[in-house]
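A structural walkthrough
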Amino acid sequence: MATIVSEKLSHLFINLQHLCKIPQLLSKALPAPSCTMAASEVPQLFRKPYIHAGYRPLHRSWTFYFLSLFQQHNEALNVWTHLLAAFMLLGRFWQLSQIVDFVGDLHAQPFCIVAVSSIIYSTFSSLAHLLQAKSEFCHYTFFFLDYVGVATYQYSSALVHYYYAIEPEWHAWISSFYILGAVGLAWLSCAGSCYAKYRCPHLSPLQGRLCQEMPSAVAYALDISPVLHRIYTSTISGKNDLAATYHKYHVLCFLVAAFFFAYPYPEKWFPGKCHFVGQGHQLFHMFLMLCTFIQLEAVLIDYQTRRHIYADLHGDLAPFFSIMCLVLMACCSLTALYMMVKVKHKIWPKRD
């Protein structure tokens with residue numbers, strides 16, 4: 001099995017290797033910044049810790065910000081890492097559609113949801129980093145949109161872990177609350193992130209972490225539990241479980257991504273030296289996308305090899321799980337809309 005895993009991972013890494021080279025390639029390919037500003041020249045809301053330059057000016061035309069996709073600034077790699085990943089995920093989804101009956105197979109619905117939501121969240125993230133600099137209102141709005149996409153992907157990940165990866169023993173323990181808990185915690189993660197962004201920069205670092213990271217951490221503990229149980233049982237039983245091996249790499253990549261999301265390294269080690277390349281958030285993007293691609297491979301294997309397990313456990317509940325995804329998206333969208341109204345009330349008086 002080690003040889004099979006090595007070959008499959010090698011093929012996966014070949015598909016992803018140009019994503020890992022993005023910082024070096026773009027730092028050479030993008031033109032030098034001709035219209036960027038120092039941190040002292042932009043409002044506090046737009047400033048990043050330890051990043052002193054490379055900020056785009058506010059209140060330019062939409063064309064200016066779309067064309068900044070090809071300009072060197074401190075958000076360029078954050079845009080490109082997820083933009084290229086979105087196209088790669090779209091291509092992978094097309095490949096999967098050739099071997100998975102997403103339309104006719106009831107049990108393929110959760111797989112379709114996680115594949116589509118991965119494209120959505122990477123696209124929303126790219127838009128947020130590309131267009132947030134236009135104004136304060138746009139900054140809030142596009143990051144609220146980003147949080148909606150992340151919450152949707154968070155639930156879809158929980159769903160495929162529960163639907164395909166879970167062992168019957170763990171299903172018996174958590175089936176009564178898992179899906180509703182995943183929906184509730186995904187919404188809470190979105191709401192907490194929106195609130196933390198709305199109060200930024202007035203919240204203390206601890207308050208910001210409690211609002212944004214604590215709900216996500218609790219959600220992840222629930223969402224990943226079927227996978228951790230699966231890895232544990234496959235390890236102690238000694239059976240060959242290819243998907244469980246992929247799940248191990250998937251969990252590892254996510255934990256590394258979470259570290260770079262939570263802590264501003266390496267720019268904290270080199271303040272003022274990581275304006276364009278080397279920011280922790282760029283590494284967060286790259287490890288998160290690597291995590292997503294590996295997760296899709298694990299789900300594909302589970303979908304193909306464990307039908308006798310998940311079909312018996314879930315029966316015809318797949319449409320209900322899909323409806324819960326739509327409910328979550330609606331709740332998160334309404335929450336983001338509500339926070340946008342509050343942002344208007346917060347910003348507009350300052351301009352009058």
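Residues numbered from 1 in each chain as written. Predicted model: local features only at pLDDT ≥ 70, side-chain atom pairs only at ≥ 80, totals over all residues. Heavy atoms only, no water.

Within the secondary structure layout, Lys 197 lies in helix α8 (residues 178-199). An unpaired buried charge is present at Lys 197: no salt bridge exists, and Glu 75, the closest side chain of opposite charge, is 8.2 Å distant. Polar contacts involving the side chain of Lys 197 include one to the side chain of His 139, which spans 3.2 Å. With residues near it in sequence (within four places) discarded, Lys 197 still touches His 139, Tyr 140, Phe 143, Phe 144 and Tyr 147. (Helix = DSSP H or I, 4+ residues; strand = E, 2+ residues; numbered from the N terminus. Buried < 20%, exposed > 50% of the residue type's maximum accessible area, 1.4 Å probe, protein only. Lys, Arg positive; Asp, Glu negative; His and termini not counted. Salt bridge = Lys/Arg side-chain N within 4 Å of Asp/Glu carboxyl O. Polar contact = N/O pair within 3.5 Å; in protein donor to acceptor, adjacent residues only side chain to side chain. Contact = heavy atoms within 4.5 Å.)

With that out of the way, let us pick up a nonpolar patch on the surface. On the surface, a cluster of nonpolar side chains totalling about 260 Å² of accessible area is made up of Leu 210, Met 214 and Val 218. Along the chain, the position of Met 214 falls in helix α9 (residues 205-223). By relative accessible area, which is 43% here, Met 214 ends up partly exposed. (Patch = residues over 30% accessible without salt bridge, like charges linked within 9 Å, V, L, I, M, F, W, Y side chains within 5 Å. Areas by Shrake-Rupley, 256 points an atom, 1.4 Å probe, with all protein chains shown as cover.)

Turning our eyes to something else, we now look at the UniProt feature "binding site: Zn(2+)" (unreviewed entry) in the protein chain. Under the UniProt annotation, the feature "binding site: Zn(2+)" (unreviewed entry) is placed at His 129, His 281 and His 285. Separation in sequence by 157 residues is not matched in space for these annotated residues, since their most distant C-alpha atoms are only 11.6 Å apart. Structurally, His 281 is set in helix α12 (residues 280-305). What makes His 281 partly exposed here is its relative accessible area of 24%. (UniProt positions renumbered as here; feature names shortened; annotations may be inferred.)

Glancing now at unusual backbone geometry. Omega for the peptide link from Tyr 265 to Pro 266 comes to 10°, which places this bond in the cis form. Within the secondary structure, Pro 266 is located in the loop between α11 (242-262) and α12. We note that Tyr 50 has phi near 70°; this positive angle belongs to a residue other than glycine. You can see Tyr 50 is positioned in the loop between α2 (22-29) and α3 (62-67). In this structure Tyr 50 comes out as partly exposed when scored by relative accessible area, which is 30%.

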